[in-house]
Amino acid sequence: PNYSQLIATGSYLPERVLDNHELSTWVDTSDEWIVARTGIHSRHLAAEGQGSVDMATRAAERALAAAGLQATDIDLIIVATTTPDQIFPSTACLVQARLGNQGAAAFDVQAVCTGFIYALATADQFLRSGAATTALVIGVETMSRIVDWQDRSTCILFGDGAGAVILRAAQQPGILSTHLHADGRYAELLQVPQAESHLTMQGNAVFRMAVRTLGDIVQETLSANGLQSSDIDWLVPHQANIRIIQATAEKLALPMERVVVTVGKHGNVSAASVPLALDHAVQRNCFRPGQLLLLEAFGGGFTWGSALLRW
Ligand code: ACO
């Protein structure tokens, strides 16, 4: 097998919904300001005592059920998260135990909002090389735990949740190419400076960098595959801000009907946002066999990446 195929998706969102109106009673902001600047209307928040392991396990169970597989069929588990419940064991090992799998390789990947793309690219390499046959790849975040709920410039942006996919080694693509990058010089623009502190961000600078960099990686992905923007059927972007998503869609000359948008109801769920968007579209039967999907993300590090796949 020289390729990997994405055969199923699953996701989990906590029950508690925090909308902009309620948030406006916590900090000096308004529904109008948040919607105009970000496209976000509401976000989900993990319950007291609920963490990344719990949400990741639920998303994984749904992906396994959709694939018709048992946890014991999995031989590789990769979890992308920047909000693990514990320093160690890794979220992947804790989820593995909850699912009832023993023996699969299991580890976490930390690339903040680009985490799922990094994890997907890593799993793809394992499957292409023959090192694994069936991979569970999860993006999960409990952002509410690292957000400063008194900082109106950041707390309006983030939400909690998990998304999961199952990848299988295959003779046909599947994943056509993945592209990963990072530039560690920009740490101070977006970071959680210490283990026990809150997320800080210079939103404006991050915004400008995200738009430019995502434009570049879309072009890189098209060039690597000898494609034109008109060949792309669906854009499945990281969900940070509707204006960033619209800018990337414009670069592709893709109408917004062909862009999976969940930011309005999920907010920015960091590493979980792309797999949550994927599952959202799958549940609504958006993708047709043979269509080309472009997944992309940009986040803290800075990190950025993309994956092109044939459905
Ligand atoms: N409600 C009302 N006013 C606000 C709020 C708020 N929630 N937050 C900030 N303001 C005010 C500011 O104080 C400022 O006021 P001033 O002009 O009097 O100083 C004004 O609104 C404008 O603030 P800006 O920060 O310039 O607003 P901007 O248009 O840049 O929007 C935002 C801010 C939404 C954060 C935007 O910059 C953004 O989305 N940035 C990118 C975030 C992102 O994509 N992160 C990516 C990855 S995240 C990750 O990796 C974890």
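Residues numbered from 1 in each chain as written. Predicted model: local features only at pLDDT ≥ 70, side-chain atom pairs only at ≥ 80, totals over all residues. Heavy atoms only, no water.

Visitor: When you look at the overall build of the protein chain in this model, what are you seeing that I'm missing?
Guide: Scanning the protein chain for helices and strands turns up ten helices and 13 strands. In terms of C-alpha radius of gyration, the protein chain reaches 18 Å, essentially the compact-globule figure of 19 Å for 311 residues. Its C-alpha atoms give the protein chain principal-axis dimensions of about 55 × 45 × 40 Å. Partitioning the contacts of the protein chain with sequence separation of at least 6, the portion at a separation of at least 24 is 75%. Carbon and sulfur atoms make up 48% of the accessible area of the protein chain, which amounts to about 12,900 Å² in all. A gap of 5 Å separates the mean positions of the 20 positive and 29 negative side-chain charges of the protein chain. (Helix = DSSP H or I, 4+ residues; strand = E, 2+ residues; numbered from the N terminus. Rg over C-alpha atoms; globule rule 2.2 N^0.38 Å. Contact = heavy atoms within 4.5 Å. Areas by Shrake-Rupley, 256 points an atom, 1.4 Å probe, with all protein chains shown as cover. Lys, Arg positive; Asp, Glu negative; His and termini not counted. Charge placed at Lys NZ, Arg CZ, Asp CG, Glu CD.)

Visitor: Sorry if this is basic, but what is going on with the pattern of salt bridges here?
Guide: Proximity of charged atoms lets side chains of opposite charge pair with each other. Under the definition given, this model contains six salt bridges. A salt bridge links Arg152 to Asp28; the shortest N-O distance between them is 3.7 Å. Placement of Arg152 in helix H6 (residues 152–155) and of Asp28 in the loop between helix H1 (20–23) and helix H2 (31–38) is noted, with a sequence separation of 124 residues between them. In this structure Arg152 comes out as partly exposed when scored by relative accessible area, which is 47%. Salt bridges linked by common partners bring Asp54, Arg58 and Arg98 together as one network. (Salt bridge = Lys/Arg side-chain N within 4 Å of Asp/Glu carboxyl O. Buried < 20%, exposed > 50% of the residue type's maximum accessible area, 1.4 Å probe, protein only.)

Visitor: Even after reading the chapter, I still don't get unusual backbone geometry, so can you show me in this structure?
Guide: Only a minority of non-glycine residues have a phi that is not negative, and only a minority of peptide bonds are not trans. Cis geometry is adopted by the peptide bond preceding Pro89, which originates at Phe88 and carries an omega value of 0 degrees. Mapped onto the elements of the fold, Pro89 is located in the loop between strand E4 (76–80) and helix H4 (91–99). Along the chain, Gly301 connects to Phe302 via a cis peptide bond; the corresponding omega equals -15 degrees. Even without glycine at this site, Ala253 takes up a positive phi of about 50 degrees. Judged by its relative accessible area of 64%, Ala253 is exposed. Phi is positive for Asn285, close to 60 degrees, though the residue is something other than glycine. Assignment of secondary structure puts Asn285 in the loop between helix H10 (273–283) and strand E12 (292–299).

Visitor: Would you mind showing me how to read the sheet that holds E12 here?
Guide: As a general point, the strands of a sheet are linked pairwise by backbone hydrogen bonds and lie either parallel or antiparallel. The mixed open sheet is built from four strands, whose spatial order is E8-E13-E12-E11. Single-partner strands in this sheet number two, and they are strand E8 (175–182) and strand E11 (234–237). Strand-to-strand twist in this sheet, taken as the mean axis angle between neighbours without regard to direction, amounts to 10 degrees. Sheet topology note: the E12/strand E13 (residues 303–310) ladder contains eight bridges and is antiparallel. Looking at E13, one finds that Leu293 is bridged to Leu309. Packed on one face of the sheet, H10 meets E11 and E12 and runs near 150 degrees to E12. (Pairing = 2+ DSSP bridges. Axes fitted to C-alpha atoms, helices over the stretch in contact; angles between N-to-C directions.)

Read these as layout, nothing more, since geometry by itself doesn't imply function.
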